[in-house]
Amino acid sequence: LALILHEARNFTNADAGSLYIREGNRLIFMVAQNETLSKRSKESFGSAPYTGDTLVISRESLAGYVAATGKILNIEDAYNLPEDEEYQFNKEFDEENNYRTKSMLLIPLKDPKGNIVGVLQLINFFNARREIISFNQEHEPLILSLASQAAVSIKNARLTEELKKTTASLIKFDV
């Protein structure tokens, strides 16, 4: 998952990103990367304090909205969302870490059957002069392709885990 997020950030020149995995009606915050905060703290940001936290899938949060609707969100400025939108940006992370989220690209992770298995969130697209600008719409198909590969990987990992559990229970039953 960390590699998938890293590659998505590289493709889009995003400063930060996170990946959520769907479990029932919740999203589990699995991995986060933030170049600005890593440089500031001189250590890897890969083990974010929010990792493992869950978010109820609803149209009120950005990732929840993407998980609920399957729609891509390409946001120019997270602090200036239209008032008539169902979703809102949670500023808690920014306030706790002295960070400023501006542009965001949120992509649903869909398996081949169209089921949403997670959400990929990219934050702050840098241009060549290291200015934060909006994500290009041209990024969307590329990241959708990567997201579908990620969804297949997640689905395969889940199937492997179920197979291990089934095998373990059969071994216990035979003994």
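For the structure itself, consult the block above.
The numbers attached to residues start from 1 for each chain and follow its sequence in the written order. Per-residue local features are limited, in this predicted model, to residues with pLDDT of at least 70; the limit for side-chain atom pairs, both in listing and counting, is 80 or more; totals at the level of whole chains, interfaces and linings are taken over all residues. The side-chain quantities take in all heavy atoms of the structure and omit both hydrogens and water.

A. Main features of the overall build of the chain. The way it works is that DSSP assigns letters per residue, a run of H or I at least four long becomes a helix, a run of E at least two long becomes a strand, and they are numbered from the N terminus. Helices and strands together make up the secondary structure of the chain, namely 5 helices and 7 strands. Along the chain direction, N to C, the helices and strands of the chain fall in the order α-β-β-α-β-α-β-α-β-β-β-α. Across the 175 residues of the chain, 41% fall into the buried class. Pairs of residues are marked as contacts when any of their non-hydrogen atoms sit within 4.5 Å. The contacts of the chain with a sequence gap of at least 6 include a subset with a gap of at least 24, amounting to 60%. Split by element, the accessible area of the chain, about 10100 Å² in all, is 51% carbon and sulfur. Whether a residue is buried, partly exposed or exposed follows from its accessible area with a 1.4 Å probe, protein chains only, as a fraction of its type maximum: under 20%, in between, or over 50%, in that order. Here the Shrake-Rupley method, with its probe set to 1.4 Å, supplies the accessible areas, and only the displayed protein chains count as covering residues.

B. Up close: a negative patch on the surface. Side chains of Asp53, Glu92, Glu95 and Glu96 sit close together on the surface and give a patch of like negative charge. With respect to the secondary-structure elements, Glu96 resides in helix H4 (residues 92–97). Glu96 sits in the exposed class, given a relative accessible area of 51%. Patch construction takes residues with relative accessible area above 30% that form no salt bridge. Like charges are linked within 9 Å, and nonpolar side chains (Val, Leu, Ile, Met, Phe, Trp, Tyr) are linked within 5 Å. Counted as salt bridges are all cases of a side-chain nitrogen of Lys or Arg within 4 Å of a carboxyl oxygen of Asp or Glu. His is not counted here, nor are the chain ends, while Lys and Arg score as positive and Asp and Glu score as negative. In this description, the location of a charge corresponds to atom NZ of lysine, CZ of arginine, CG of aspartate or CD of glutamate.

C. Region of the structure containing the environment of Phe11. Within the fold, Phe11 resides in helix H1 (residues 2–12). Along the chain, Phe11 and Ile143 lie 132 residues apart, while their C-alpha atoms are 8.0 Å from each other. If we skip the residues at most four places from it in the chain, Phe11 touches His139, Leu142, Ile143 and Leu146.

D. Summary view of the nonpolar core. Residue types Ala, Val, Leu, Ile, Met, Phe, Trp, Tyr and Cys, when buried and joined through side-chain atoms within 4.5 Å, form a set referred to as a nonpolar core. Formed by 24 residues in total, the largest nonpolar core has its most connected members in Leu62, Leu73, Ile75, Met104, Leu106 and Val119. Among the elements of the structure, strand S1 (14–23), strand S2 (26–34), helix H3 (62–69), strand S4 (73–75), strand S5 (104–110) and strand S6 (116–126) are those that each provide at least two residues to this core. Examining the composition of this core, we find that 5 residues originate from one element, H3, more than from any other. If we skip the residues at most four places from it in the chain, Ile75 touches Leu62, Leu81, Tyr87, Lys102, Ser103, Met104 and Leu106. Counting 21 residues, the second-largest nonpolar core is a separate cluster that includes Ile4, Ala14, Phe125 and Phe135.

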